[in-house]
Amino acid sequence: MTKKRDVEILTNVKSLQNRQNLICRLAFFIQNKYRVESGVQVRLEKRIPVAAGLGGGSSNAAVTIEALSDLWSLNLSKEEMHEIASQFGSDINFFLEGGIALGTGRGEAIEPLPSMPEQDILLVNPRFDVASSEAYKLYAETAVRKDRTHLMREMRESLATGRFFNVLESGIRRKYPAIDEIITDMERSGIPAMLSGSGPTCIGYPDDGSETSEVVRSFEEKGYWTCMTRTCNRRSLGQI
């Protein structure tokens, strides 16, 4: 903890070392809201690309809220944490809960859903950014309007069958051929794939029969960032 009311962030990504970083903005907000006289030094090690559509910034923000509640002895309730999170974005509230969840409103109202079986996933990022605002604009220009009841039914059916969809995907794939190519290449290799968030990262769901190592090698040869990892549910996270 710093001696003054300073908020400092130390990170391996130079572009994030500024007071406009979401972590810093949250820390200053909490500090002022609860009249905290202490400062804080935050160490952030980014292991995924920045602005990748993976929720990295939002998950960092959620951990910041929880950590400062403990560090500054604020004993914030979950409701207070959610109220703070909702003022800084529509995804942070999800990461205060984790697991499979339904987000309504702007995404800030979180309803936990039953966990799904854990599975391997392949992440591929073509190393360029896609602004969230652009993704939503592309969606708005081409979307077929569906009412909330229809969308919720569609989502629950996809969870039940283990097939997923992203309404932002079609517009992004039309605008960015590289993203369309990544998803197409994975599917041709027998790996179901989709866009993650607003992109540009794509997610593949390989099974035991797919030639995953060859697919990864082909993407790496193109200079793309790749990562083989695995999903986890609330139980493996120590949550109920």
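Reading guide: rules and limits
- Residues numbered from 1 in each chain as written.
- Predicted model: local features only at pLDDT ≥ 70, side-chain atom pairs only at ≥ 80, totals over all residues.
- Heavy atoms only, no water.
- Helix = DSSP H or I, 4+ residues; strand = E, 2+ residues; numbered from the N terminus.
- Contact = heavy atoms within 4.5 Å.
- Salt bridge = Lys/Arg side-chain N within 4 Å of Asp/Glu carboxyl O.
- Buried < 20%, exposed > 50% of the residue type's maximum accessible area, 1.4 Å probe, protein only.
- Pairing = 2+ DSSP bridges.
- Axes fitted to C-alpha atoms, helices over the stretch in contact; angles between N-to-C directions.
- Right-handed = clockwise from strand over helix to strand, strands pointing away.
- Expected span 1.5 Å × (residues − 1).
- Polar contact = N/O pair within 3.5 Å; in protein donor to acceptor, adjacent residues only side chain to side chain.
- Phe/Tyr/Trp six-rings, centres within 6.5 Å; stacked < 30°, edge-to-face > 60°.
- Lys NZ or Arg CZ within 6 Å of the ring centre and 35° of its normal.
- Parallel < 35°, antiparallel > 145°, perpendicular 65-115°, else oblique.
- Left-handed = near helix turned anticlockwise from the far one by under 90°.

Q: Run through the side chain of His82, naming residues and quoting values.
A: Tracing the backbone through its elements, the reader meets His82 in helix H3 (residues 78-86). If near-sequence neighbours (up to four positions away) are discounted, His82 is found in contact with Asn93, Leu96, Glu97 and Ile110.

Q: I'd like a rundown of the pattern of salt bridges, residues and numbers included.
A: Counted under the stated rule, the structure contains 10 salt bridges. Across the pair Arg5 and Glu37 runs a salt bridge whose closest N-O atoms are separated by 3.9 Å. Of this pair, Arg5 sits in the segment before strand S1 (7-11) while Glu37 sits in the loop between helix H1 (22-33) and strand S2 (40-44), and the two are 32 residues apart along the sequence. What makes Glu37 exposed here is its relative accessible area of 58%.

Q: Please set out the sheet that holds strand S6 (residues 193-195) residue by residue, giving values where relevant.
A: With antiparallel pairing, 4 strands are arranged side by side in an open sheet as S6-S7-S5-S8. Looking at the sheet topology across the chains shown, the edges are occupied by S6 and strand S8 (225-230). Sheet twist, expressed as the average angle between the axes of neighbouring strands with direction ignored, equals 20°. By the bridge criterion, 6 bridges tie strand S5 (residues 120-125) to S8 in an arrangement that is antiparallel. Residue pairing across strands places Asn125 opposite Trp225, the latter belonging to S8. This element, helix H9 (residues 212-221), spans S5 and S8 of the sheet and lies at about 150° to S8.

Q: Describe the pairing of S2, naming the residues involved and giving the relevant values.
A: Burial along S2 is one-sided: the face carrying Val40, Val42 and Leu44 is buried and the face carrying Gln41 and Arg43 is not. Pairing between S1 and S2: 5 bridges, direction parallel. Across the sheet, residue Glu8 finds its bridge partner in S2, namely Gln41. With respect to chirality, the unit in which S1 leads through H1 into the neighbouring parallel S2 is left-handed.

Q: For H1, give the residues involved together with the corresponding values.
A: A rise of 1.5 Å per residue sets the reference length of H1, with its 12 residues, at 16 Å; its end C-alpha atoms lie 16 Å apart and thus fit the reference within 8%. Among the residues making up H1, those that are buried are Leu22, Ile23, Cys24, Leu26, Ala27, Phe28, Ile30 and Gln31. The N-terminus of H1 is capped by Asn21, whose side-chain oxygen sits 2.7 Å from the backbone nitrogen of Ile23. Phi turns positive, to about 55°, at Arg35, one or two residues after H1.

Q: Provide a residue-level description of the side chain of Thr226, including the pertinent values.
A: Within the element layout of this structure, Thr226 appears in strand S8. Ignoring sequence-local partners within four residues, the contact set of Thr226 consists of Leu123, Val124, Val216, Phe219 and Glu220.

Q: Requested: an account of the packing of aromatic side chains, with residues and values cited.
A: In total, this model carries 4 aromatic pairs according to the counting rule given. Measuring from ring centre to ring centre gives 5.5 Å for Phe128 and Tyr176, while their planes differ by 25°; the resulting arrangement is stacked. With Phe128 in the loop between S5 and helix H5 (132-142) and Tyr176 in the loop between helix H7 (169-175) and helix H8 (177-188), this pair connects stretches of sequence that are 48 residues apart. Under the relative-accessibility criterion, Tyr176 is labelled buried at 17%. For Lys33, the ring lying beneath its charged end belongs to Tyr34, and the centroid distance is 5.7 Å.

Q: Go over the packing of H1 against helix H2 (residues 56-71) with me, naming the residues and quoting the values.
A: In the contact formed by H1 and H2, the axes pass within 9 Å of each other and the chain directions differ by 30°. Judged by the inter-axis angle, H1 sits roughly parallel to H2. You can see that H1 and H2 cross each other, and the crossing is right-handed. Mapping the contact onto sequence places Leu22, Ile23, Leu26, Ala27 and Ile30 in H1 and Gly57, Asn60, Ala61, Thr64, Ile65 and Leu68 in H2.

Q: Can you lay out the environment of Leu168 for me, pointing to particular residues and giving the numbers?
A: As for its placement among the helices and strands, Leu168 is situated in the loop between helix H6 (148-161) and H7. The class of Leu168 is buried, set by a relative accessible area of 7%. On a C-alpha basis, the gap between Leu168 and Ser198 in space is 6.3 Å, while along the polypeptide they are 30 residues apart. With residues near it in sequence (within four places) discarded, Leu168 still touches Ala135, Tyr136, Tyr139, Leu195, Gly197 and Ser198.

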